[in-house]
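Commentary on secondary and tertiary structure
Each chain, letter by letter, is given below.
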Amino acid sequence: MNKLKFLILSFFIIACNSKNETFEGDLFFKFVEFGSFYGADDSSIKTIEMKMDSIRLNKNASEEDLKVIAFINKLKKNNLLKSPWINLKVKDSVIKVYLNQTDYQKLEKYKYKDLKRRNKKIKLKLDVELKDSELYFCNKILSMEEVDGKTDFKK
């Protein structure tokens, strides 16, 4: 009987600590943005990391530079440094969601100009895991639908 109680308690602890959520929203486009080193080769990443180290050691480093370095370190810590990402408009905010290559390929075909011209938008339902503060990873695209409507963007 004690083993059964332990199993049930373990299940509830795991279920309550789950960081997964279902997010529903629209694909959102930003024209200038850094999200990861997706598509960059290893030598370019190594060069940037060396520059980051020199900035970090500089006593006159700006607060903005240090924020970027902290963000890159957070990506690295969560194995998302080379992961593709999308922006998802949920309610009144926009979040960056990282994806695996297979799921990203399903979405990269959508281009802002084409969607705008056809007055379409992409509605998404995603199984999302919170990896770190404000760092989301899509475990699975639950649904993806092209519908009538305005695709939002930010310059």
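Just above sits the structure.
So, here's what we can say about the structure. Only a predicted model underlies this, so the values are computations on that prediction, with no experimental measurement involved.

1. As for the nonpolar core
Proteins that are soluble and globular tend to have nonpolar side chains buried together. Counting residues in hydrophobic clusters, the biggest one holds 21 residues, and the most contacted among them are I86, L88, V97, L124 and L126. If you list the elements that add at least two residues to this core, you get β1 (20–30), β2 (85–90), β3 (93–98), α4 (101–107), α5 (112–117), β4 (120–132) and β5 (135–148). Considering every element that reaches this core, the biggest residue donor is β4, with four residues. When sequence neighbours within four positions are dropped, the list of residues in contact with L124 reads F23, E24, G25, L27, I86, L88, L107, S143 and M144. Of all hydrophobic cores here, the second largest spans twelve residues; its members include F37, I72, W85 and Y98.

2. Section: the pattern of salt bridges
A full pass over the atoms with the stated rule returns 14 salt bridges. As a salt-bridge pair, K123 and D26 come within 2.9 Å of each other at their nearest N and O atoms. Taken together, the residues span a long stretch of sequence, with K123 in strand β4 and D26 in strand β1 at a distance of 97 residues. Owing to a relative accessible area of 35%, K123 belongs among the partly exposed residues under this scheme. The residue K120 makes a salt bridge to D148 at a minimum N-O spacing of 2.6 Å. In this pair, K120 sits in strand β4 while D148 sits in strand β5, placing the two residues 28 residues apart along the sequence. The exposure class of D148 is exposed, given its relative accessible area of 56%.

3. A look at the layout of surface pockets
Rolled over the atoms, a probe sized like a water molecule indicates the empty space that remains. Put simply, the largest pocket is a space of about 360 Å³. Around the largest pocket, the lining comprises 16 residues; the ones closest to its centre are F29, W85, I86, Y104 and Y110. Counting only elements with at least two residues in the lining of the largest pocket, the list comes to β1, β2 and α4. Partitioned by chemical class, the residues of the lining of the largest pocket number eleven nonpolar, one polar and four charged.

4. Some remarks on helix α3 (residues 63–77)
Between the first and last C-alpha of α3 there are 21 Å, a value that for 15 residues agrees with the 21 Å anticipated at 1.5 Å per step. Elements in contact with the buried residues of α3: α2 (42–57), β3 and β5. In the stretch just after α3, N79 is the one whose phi turns positive, near 55°.

5. Looking at the side chain of N78
With respect to the element layout, N78 can be found in the loop between α3 and β2. Residue N78 is classed as buried on the basis of its relative accessible area, which comes to 13%. At 3.5 Å, the side chain of N78 and the side chain of D132 are in polar contact. Contact partners of N78, with chain neighbours within four places excluded, come to K131, D132 and L135.

What counts and how
- Residues numbered from 1 in each chain as written.
- Predicted model: local features only at pLDDT ≥ 70, side-chain atom pairs only at ≥ 80, totals over all residues.
- Heavy atoms only, no water.
- Core = buried A, V, L, I, M, F, W, Y, C linked by side-chain atoms within 4.5 Å.
- Buried < 20%, exposed > 50% of the residue type's maximum accessible area, 1.4 Å probe, protein only.
- Helix = DSSP H or I, 4+ residues; strand = E, 2+ residues; numbered from the N terminus.
- Contact = heavy atoms within 4.5 Å.
- Salt bridge = Lys/Arg side-chain N within 4 Å of Asp/Glu carboxyl O.
- 1 Å grid on protein atoms, 1.4 Å probe; cavity = no way out; pocket = protein on both sides within 12 Å on 5 of 7 lines; lining within 4 Å.
- Points joined across faces, edges and corners; volume = space filled by probe spheres on them.
- Nonpolar A, V, L, I, M, F, W, Y, C, P; charged D, E, K, R; others polar.
- Expected span 1.5 Å × (residues − 1).
- Polar contact = N/O pair within 3.5 Å; in protein donor to acceptor, adjacent residues only side chain to side chain.

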